[in-house]
Amino acid sequence: MSILVLGGAGYIGSHTVDQLIQRGYDVAVVDSLVTGHQGAINQKARFYQGDIRDKDFMRTVFQQEDVTGVIHFAAFSIVPESMQAPLKYFDNNTYGMTALLEVMNEFDVKRIVFSSTAATYGEPKSIPIKESDPQLPTNPYGESKLMMETMMKWADKAYGIKFVALRYFNVVGAKPDGSIGEDHHPETHLLPIVLQVAAGKRDQLSIFGDDYDTPDGTNVRDYVHVLDLADAHILAFEYLADGHDSNAFNLGSSTGFSNMEIVEAARKVTGKAIPLEMAPRRAGDPSTLIAASDKARETLGWAPKYDNMEAIIETAWNWHLNHPNGYADR
Ligand code: NAD
Ligand code: UDP
């Protein structure tokens, strides 16, 4: 019986595949490599290159693998790009889920753990954000993910496909041995950009807005280490395997760090100056996003191990030092 990981060559998927294998699970990966890297996939996983929207390709995978459940990371996730090209997001993300659920139903596969996002909440009415709060996305990326959650809800009612939607906040860090990490092209996330400046790969950093209603005027975000996130996927998979009903969980640390606090912490870890400029606000950025994550802790037994920002940054810095050009160095 194998766990089928869709998007297992990506940043979060590759860390989850690696953790699943460390814990003795049999893993197969589907990835089109549109943003992922084959070199990121643990070699003990069987790899099928293809697009999840290609139902015939997916049928051949389900025929070859005895799939006990699916963990679904395969999607696009750049907010500004989704504002420019919304249909690209509804096609890859939302249609991808339609095709997947159809094939899962054909093969009687009844469990899916899904990468959802804080972007499904939009601008929060209150902090910390609870799972029961309104989901009113402010960009097509968040909307595409909310539609995917909705599809799973109805597929559960019609076909009994049970799901766990994991709504991630800001995911950072890397496997501490530096063997796998974050390598996006283009890179749009704050911490890897900060570390690219520290490593001399970029001249400087732009901080998008210093006039928000926050202690230092820069946005506040809730950061979670990628290995803690991988843990939550395994717990969610086991939760469904134990026969529990569909559910949704926030995954965050319940602590907020401002963008300037991230830069300061990175300066300490790297010992580099990390020059920056203040730039205008980025469209669609909520001021503060902090998760209430007690539901995942209480229901799944999730116990994140990384609660120190400098220790988290240390793991990402180790990856950057080992792989200044990402997976191109392999
Ligand atoms: P990533 O781009 O590194 O990984 C996505 C993987 O999916 C890539 O390997 C890509 O090649 C593959 N893929 C995309 N579309 C595909 C398709 N149609 N068929 C087959 N493979 C396809 O992204 P990531 O940062 O690892 O994020 C993974 C998931 O987590 C995404 O769904 C994203 O929405 C969600 N998420 C990420 C963050 C974050 O901070 N990185 C936060 C919230 C949610
Ligand atoms: N950010 C920034 N400069 C950058 C990239 C990001 O100031 O070059 C800010 C961004 O505006 C947000 C925070 O960093 O306030 C986190 O952004 P990221 O894209 O990493 O994650 P998001 O919160 O959008 O999911």
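What you are looking at is a predicted structure, and each value in this text was computed from that prediction instead of being measured.

Caption draft 1: Molecular detail of the sheet that holds strand E1 (residues 2–6). A sheet is described by the order of its strands in space; here seven strands give the open sequence E3-E2-E1-E4-E5-E6-E11, paired in parallel fashion. Strands at the two margins of the open sheet, each flanked by one partner only, are strand E3 (46–49) and strand E11 (247–251). Averaged over all neighbouring strand pairs, the angle between strand axes comes to 20°, with direction disregarded. By the bridge criterion, four bridges tie strand E2 (residues 27–31) to E3 in an arrangement that is parallel. Directly across from valine 30, in E3, lies its bridge partner tyrosine 48. The strands touched by helix H5 (residues 140–159) within the sheet are strand E4 (67–72), strand E5 (111–117) and strand E6 (162–168), with E5 carrying the most contacts at an inclination of about 155°.

Caption draft 2: Broad picture of the domain arrangement of the protein chain. The domain boundaries assigned to the protein chain delineate domain 1 (2–172 + 223–251) and domain 2 (190–221 + 254–329). Of note, the centres of domain 1 and domain 2, computed from C-alpha atoms alone, are 23 Å apart. Contact residues are listed per partner, giving 32 residues for domain 1 and 29 residues for domain 2. In total, about 2,700 Å² of surface goes out of reach between domain 1 and domain 2, with carbon and sulfur atoms giving 68% of it. Looking at the side of domain 1 facing domain 2, the largest losses of area belong to Tyr223, His225 and Asp228, adding up to 26% of the total buried there. Our count for the domain 1 to domain 2 interface comes out at one salt bridge. For lysine 305, the salt bridge is made with aspartate 231, and the minimal N-O distance between the two is 2.9 Å. Summed over the shared surface of domain 1 and domain 2, the number is 10 residue pairs in polar contact (both at pLDDT 80 or more).

Caption draft 3: Structural detail: the site of ligand 2. Lining the immediate environment of ligand 2, one finds 13 residues, of which Leu190, Ser206, Asn219, Arg282 and Asp285 sit closest. A distance of 3.0 Å separates an oxygen atom of ligand 2 from a polar atom in the side chain of asparagine 170. In isolation ligand 2 exposes 520 Å². Once the protein is present, 87% of that is buried. At the level of elements, helix H6 (190–198) and strand E8 (205–208) are the ones that each hand at least two residues to the shell around ligand 2. Broken down by element, the shell around ligand 2 gets its largest block of residues, three residues, from E8. Residue classes in the shell around ligand 2 are distributed as four nonpolar, six polar and three charged.

Caption draft 4: Quick look at the packing of helix H2 (residues 55–64) against helix H4 (residues 86–106). For the pair H2 and H4, interaxial distance at closest approach is 10 Å and the crossing angle is 40°. Considering the angle they form, H2 stands oblique to H4. Taken as a pair, H2 and H4 cross one another with a handedness that is right-handed. Contact residues: H2 offers Lys55, Met58, Arg59 and Phe62, while H4 offers Tyr95, Ala99, Leu100, Glu102, Val103, Met104 and Glu106. Of the residues in the contact of H2 with H4, the class split is seven nonpolar, no polar and four charged.

Caption draft 5: Highlighting the site of ligand 1. Close to ligand 1 lie 30 residues; Asp31, Thr35, Asn92, Tyr141 and Lys145 are nearest. With respect to ligand 1, the backbone of tyrosine 11 contributes an N or O atom lying 2.9 Å from an oxygen atom. In this structure, an oxygen atom belonging to ligand 1 sits 3.3 Å away from a main-chain N or O atom of valine 171. Starting from 830 Å² of accessible surface for ligand 1 in isolation, the protein chains cover 97%. Here the shell around ligand 1 takes three residues from E5, the largest share from any one element.

Caption draft 6: Spatial organisation of the UniProt feature "domain: NAD-dependent epimerase/dehydratase" (unreviewed entry) in the protein chain. Following the UniProt record, one finds the feature "domain: NAD-dependent epimerase/dehydratase" (unreviewed entry) at residues 3–252. Counting secondary structure, residues 3–252 comes out at 38% helix and 20% strand; the distance between its end C-alpha atoms is 25 Å.

Caption draft 7: Quick peek at the environment of proline 124. Of note, proline 124 is situated in the loop between E5 and H5. In the structure, proline 124 is positioned 165 residues away from leucine 289 in sequence and 7.4 Å away in space, judged by C-alpha atoms. In this structure proline 124 touches Ile129, Pro286, Thr288 and Leu289, once residues within four positions along its chain are discounted.

Caption draft 8: Layout of unusual backbone geometry. The amide bond that connects isoleucine 127 to the next residue, proline 128, takes the cis arrangement and shows omega of 0°. Position of proline 128 relative to the elements: it lies in the loop between E5 and H5. With an omega of 0°, the peptide bond between histidine 185 and proline 186 qualifies as cis. Checked against the element boundaries, proline 186 lands in the loop between strand E7 (170–172) and H6. Backbone geometry at leucine 33 places phi at a positive 65°, although glycine is not the residue there.

Rules used throughout
Residues numbered from 1 in each chain as written. Chains lettered and ligands numbered in written order. Predicted model: local features only at pLDDT ≥ 70, side-chain atom pairs only at ≥ 80, totals over all residues. Heavy atoms only, no water. Pairing = 2+ DSSP bridges. Helix = DSSP H or I, 4+ residues; strand = E, 2+ residues; numbered from the N terminus. Axes fitted to C-alpha atoms, helices over the stretch in contact; angles between N-to-C directions. Contact = heavy atoms within 4.5 Å. Domains from an automatic or database assignment. Buried area = accessible area lost by both parts, 1.4 Å probe. Salt bridge = Lys/Arg side-chain N within 4 Å of Asp/Glu carboxyl O. Polar contact = N/O pair within 3.5 Å; in protein donor to acceptor, adjacent residues only side chain to side chain. Near = heavy atom within 4 Å. Areas by Shrake-Rupley, 256 points an atom, 1.4 Å probe, with all protein chains shown as cover. Nonpolar A, V, L, I, M, F, W, Y, C, P; charged D, E, K, R; others polar. Parallel < 35°, antiparallel > 145°, perpendicular 65-115°, else oblique. Left-handed = near helix turned anticlockwise from the far one by under 90°. UniProt positions renumbered as here; feature names shortened; annotations may be inferred.

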